[in-house]
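# Results of the structural survey
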Amino acid sequence: MGFQMQPYGMQAMLKEGHKHLSGLDEAVLKNIDACKQLSVITRTSLGPNGMNKMVINHLDKLFVTNDAATIVNELEVQHPAAKILVLAGKAQQEEIGDGANLTISFAGELLQNAEELIRMGLHPSEIISGYSKAINKTVEILDELVEEGSEKMDVRNKEQVISRMRSAVASKQFGQEDILCSLIADACVQVCPKNPVNFNVDNVRVAKLLGGGLHNSSVVRGMVLKNDTSGTIKRVEKAKVAVFASGVDTSATETKGTVLIHSAEQLENYAKTEEAKIEELIKAVADSGAKVIVCGGAVGEMALHFCERYKLMVLKISSKFELRRFCRTTGAVAILKLSQPNPDDLGYVDSVSVEEIGGVRVTIVKNEEGGNSVCTVVLRGSTDSILDDLERAVDDGVNTYKSMCRDSRIVPGAAATEIELARKLKEFSFKETGLDQYAIAKFAESFEMVPKTLAENAGLNAMEIISLLYAEHSAGNTKVGIDLDEGVCKDVSTLNIWDLHITKFFALKYAADAACTVLRVDQIIMAKPAGGPKRVPGAGGGMDED
């Protein structure tokens, strides 16, 4: 046994194989660097002219999108500090449904400016206190920028809805926002309940069908199911519906039973009783007035035969959640086993029909009178990636609608708000004494990222645009933003570009929180990762070759 050096200090305390990073250079600046990399990825996707990212996840699924929430979800971010930004983006996505990109990019920008301050010799805690003061001041200024009269809004007025939704949809699908907004607004207004605060996002469904173009898209009041009916009846009008949660088939007995059959007659009778039993069940359903049977499981052949005989349409919905939505659409109650339904349990549909759209057979369940149950936006497009991206745009639109039902205040869009915030915070920082003022000034500078990025993504000269914006805002025109089409600065109230106050509010708040959280870290201690030897990719997954 050779002489072995005894571990001391940190090594002696922790298990071997751990990593320990501390101090400004190792921990803080490394963390900031990782977050900067993440925000560089999302930043080029900000705004209407944002670039698309091609992300291939671990399951080889391809995403082509400029939706930051999807991008960071599919990138498996390993670095713990960058994960904090991802979580901030996710929180924004869940809270508002739009503005995840602003959150991540802005947090990255704050951290980049914090790095400059640290290199100048400020301590992270001073930066944090400055950032906290700045975000509180930002919230005050943001409230002053709200457009007058926008807090009262009729959520059923399509014009007002579209004006607030446009910027969210345009940032995903620029140039197609007018078609999409009118579809989304239609769908949302139709399913909006009496008290708009209770608006449920799940009630606006999206059906993606390949083929055609965006102009072929439509809104269906009711549901669109992507499967055909079992049986020959393809169209039923104004019918009652019975929903069964299980399959429509003969039920096997619970216990194993043995039947002794002595003669041919007995064998025939045995088969006949089974037929009679099923016929009795199906007849009971038909007698209750139902013309459509919807089931969650398989449909037996014999059962199908009797359904045909009694002119019943049979629909199979295998997904449990779809079945629940179907019940919501029709007002039916799902019955557990095949038996005669109560009249109260039956639902009602205006029409169920099988139509062929672009070579795909779909079942369209319409329920016009049923009030605001479920609405489906049928999207058409040439490839799956385009359809997925359109679906994200619709999701953003619907989420924006939900946010505006809660709080309909709006602020000027197209970077007008950001420049105004930057200008007012700069003034505020001059009034502060102490080292905080540098942090507040940097916080103000971070807002310039938005107009700068919008201009860069549109291929304009960013410096020129920002100085023009500052000049306009200093002259008192607080609503001047960038018109990306012509590459000039214009009053956004004439262009009708508005952002929701609540989206901005949460995005900036989450970004500042995330940035402060990352700056508060001064040591990283990583234990040795658990598990055996790492699998070498490409050496087969240890599975047998088929």
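Residues numbered from 1 in each chain as written. Predicted model: local features only at pLDDT ≥ 70, side-chain atom pairs only at ≥ 80, totals over all residues. Heavy atoms only, no water.

Time to look at the overall build of the chain. Of the regular secondary structure elements, the chain holds 18 helices and 17 strands. By the compact-globule yardstick of 24 Å for 546 residues, the chain is too spread out, its C-alpha radius of gyration being 30 Å. C-alpha atoms of the chain, sized along the principal axes, occupy 100 × 85 × 35 Å. In the chain, which comprises 546 residues, the proportion classed as buried is 47%. A sequence separation of at least 24 residues applies to 76% of the contacts in the chain between residues at least 6 apart. As displayed, the chain offers around 27300 Å² of accessible surface, 52% of which is attributable to carbon and sulfur atoms. Charge-centre separation for the chain: the mean point of 61 positive side chains lies 3 Å from the mean point of 75 negative side chains. (Helix = DSSP H or I, 4+ residues; strand = E, 2+ residues; numbered from the N terminus. Rg over C-alpha atoms; globule rule 2.2 N^0.38 Å. Buried < 20%, exposed > 50% of the residue type's maximum accessible area, 1.4 Å probe, protein only. Contact = heavy atoms within 4.5 Å. Areas by Shrake-Rupley, 256 points an atom, 1.4 Å probe, with all protein chains shown as cover. Lys, Arg positive; Asp, Glu negative; His and termini not counted. Charge placed at Lys NZ, Arg CZ, Asp CG, Glu CD.)

What follows concerns helix α9 (residues 264-287). The terminal C-alpha atoms of α9 lie 34 Å apart, and with 24 residues this matches the ideal 34 Å at 1.5 Å per residue to within 8%. The complete set of buried residues in α9 reads Ile278, Ile282, Ala284, Val285 and Ala286. The secondary structure elements touched by the buried residues of α9 are β6 (235-244), β7 (290-295) and α10 (301-309). One or two positions beyond α9, positive phi appears at Gly289, with a value near 100°. (Expected span 1.5 Å × (residues − 1).)

Here we come to the nonpolar core. Counting 49 residues, the largest nonpolar core has Leu38, Ile127, Tyr131, Leu425, Phe443, Phe447 and Leu519 as the members making the most contacts within it. The set of elements that each furnish at least two residues to this core consists of α2 (23-43), α4 (80-95), α5 (100-120), α6 (124-144), α13 (416-431), α14 (436-446) and α18 (501-520). Ignoring anything within four residues of it in the chain, the contact list for Leu519 reads Ile32, Leu111, Ala114, Ile118, Pro124, Ile127, Ile128 and Tyr131. Among the nonpolar cores identified, the runner-up in size contains 35 residues, and Met165, Cys181, Leu214 and Phe506 belong to it. (Core = buried A, V, L, I, M, F, W, Y, C linked by side-chain atoms within 4.5 Å.)

The next thing to look at is the confidence of the model for the chain. In this model, the chain carries an average pLDDT of 86, and 95% of its residues clear a pLDDT of 70 or more. Per-element averaging of pLDDT across the chain places helix α1 (residues 10-13) at the bottom with 78 and α5 at the top with 93. (pLDDT = per-residue confidence, 0-100.)

Considering the arrangement of structural elements, one finds Glu418 in helix α13. With relative accessibility at 3%, the residue Glu418 sits in the buried group. With residues up to four places along the chain from it excluded, the contact list for Glu418 reads Leu102, Phe447, Val450, Pro451 and Lys504.

Next up on the list: the packing of α4 against α18. Contact geometry for α4 and α18: axes closest at 9 Å, N-to-C directions at 160°. Judged on the interaxial angle alone, α18 and α4 are roughly antiparallel. Between α4 and α18 lies a crossing of right-handed hand. Two secondary-structure elements touch here, α4 through Ala81, Ile84, Leu85, Ala88, Ala91, Gln92 and Glu95 and α18 through Thr503, Phe506, Ala507, Tyr510, Ala514, Thr517 and Val518. Along the lines of polarity and charge, the residues of the contact of α4 with α18 split into 10 nonpolar, 3 polar and 1 charged. (Axes fitted to C-alpha atoms, helices over the stretch in contact; angles between N-to-C directions. Parallel < 35°, antiparallel > 145°, perpendicular 65-115°, else oblique. Left-handed = near helix turned anticlockwise from the far one by under 90°. Nonpolar A, V, L, I, M, F, W, Y, C, P; charged D, E, K, R; others polar.)

For α18, with 20 residues, the first-to-last C-alpha span of 29 Å sits near the 28 Å given by 1.5 Å per residue. Among the 20 residues that make up α18, 14 are buried, leaving the element largely enclosed by the rest of the structure.

Before going further, it helps to examine the pattern of salt bridges. One pass over the structure, following the stated rule, counts 40 salt bridges. Lys504 serves as the salt-bridge partner of Glu418, at 3.3 Å between the closest nitrogen and oxygen. Separated by 86 residues along the polypeptide, Glu418 in helix α13 and Lys504 in helix α18 bring together distant segments of the chain. For the pair Glu418 and Lys504, one class covers both residues: buried. Here the salt bridges do not stand alone but share partners, grouping Glu144, Glu420, Arg423, Lys424 and Glu427 into one network. (Salt bridge = Lys/Arg side-chain N within 4 Å of Asp/Glu carboxyl O.)

Here we take up the pairing of strand β11 (residues 360-366). In terms of strand pairing, strand β5 (residues 218-225) meets β11 through 4 bridges, oriented antiparallel. Its bridge partner lying in β11, Leu225 is registered against Thr363. Judged from the 7 bridges that link them, strand β10 (residues 347-357) and β11 form a sheet pairing that is antiparallel. When the bridges of β11 are listed, Ser351 appears paired with Lys366. Between β10 and the antiparallel strand that follows it, β11, lie 2 residues; Gly358 among them carries a positive phi value of about 55°. (Pairing = 2+ DSSP bridges.)

This paragraph deals with the side chain of His473. Structurally, the position occupied by His473 is in helix α16 (residues 462-474). In this structure, His473 is in contact with Ala416, Ile419, Glu420, Arg423, Thr478 and Val480, ignoring residues within four places of it in sequence.

A few words on the packing of aromatic side chains. According to the stated counting rule, one finds 7 aromatic pairs in the structure shown. Ring centres of Tyr131 and Phe443 lie 5.4 Å apart, and the angle between their planes is 70°; this geometry places the pair in the edge-to-face category. Of the two residues, Tyr131 is situated in helix α6 and Phe443 in helix α14; the sequence distance between them amounts to 312 residues. Tyr131 sits in the buried class, given a relative accessible area of 0%. Under the relative-accessibility criterion, Phe443 is labelled buried at 0%. (Phe/Tyr/Trp six-rings, centres within 6.5 Å; stacked < 30°, edge-to-face > 60°.)

Time to look at a nonpolar patch on the surface. On the surface, Val259, Ile261, Leu267 and Tyr270 cluster together into a nonpolar patch covering about 380 Å² of accessible area. Structurally, Leu267 can be placed in helix α9. (Patch = residues over 30% accessible without salt bridge, like charges linked within 9 Å, V, L, I, M, F, W, Y side chains within 5 Å.)

Another point: empty space enclosed by the protein. Across all of its chains, the model carries 1 cavity of 30 Å³ or more by this definition. What the largest cavity holds in volume is close to 30 Å³. Lining the largest cavity are Ile135, Thr138, Val139, Leu142, Phe505, Leu508 and Lys509. Within the residue set of the lining of the largest cavity, elements represented by two or more residues are α6 and α18. At 4 residues, α6 tops the list of elements feeding residues into the lining of the largest cavity. When its residues are assigned to classes, the lining of the largest cavity shows 5 nonpolar, 1 polar and 1 charged. (1 Å grid on protein atoms, 1.4 Å probe; cavity = no way out; pocket = protein on both sides within 12 Å on 5 of 7 lines; lining within 4 Å. Points joined across faces, edges and corners; volume = space filled by probe spheres on them.)

Volume-wise, the largest pocket comes out at about 780 Å³. Going through the elements one at a time, α3 (68-74), α5, α7 (158-170), α12 (384-406), α15 (449-457), β14 (480-483), β16 (498-500) and α18 are the ones with two or more residues in the lining of the largest pocket. Element by element, the count of residues in the lining of the largest pocket is highest for α7, at 5 residues. Within the lining of the largest pocket, the residues separate by chemical class into 19 nonpolar, 12 polar and 12 charged.

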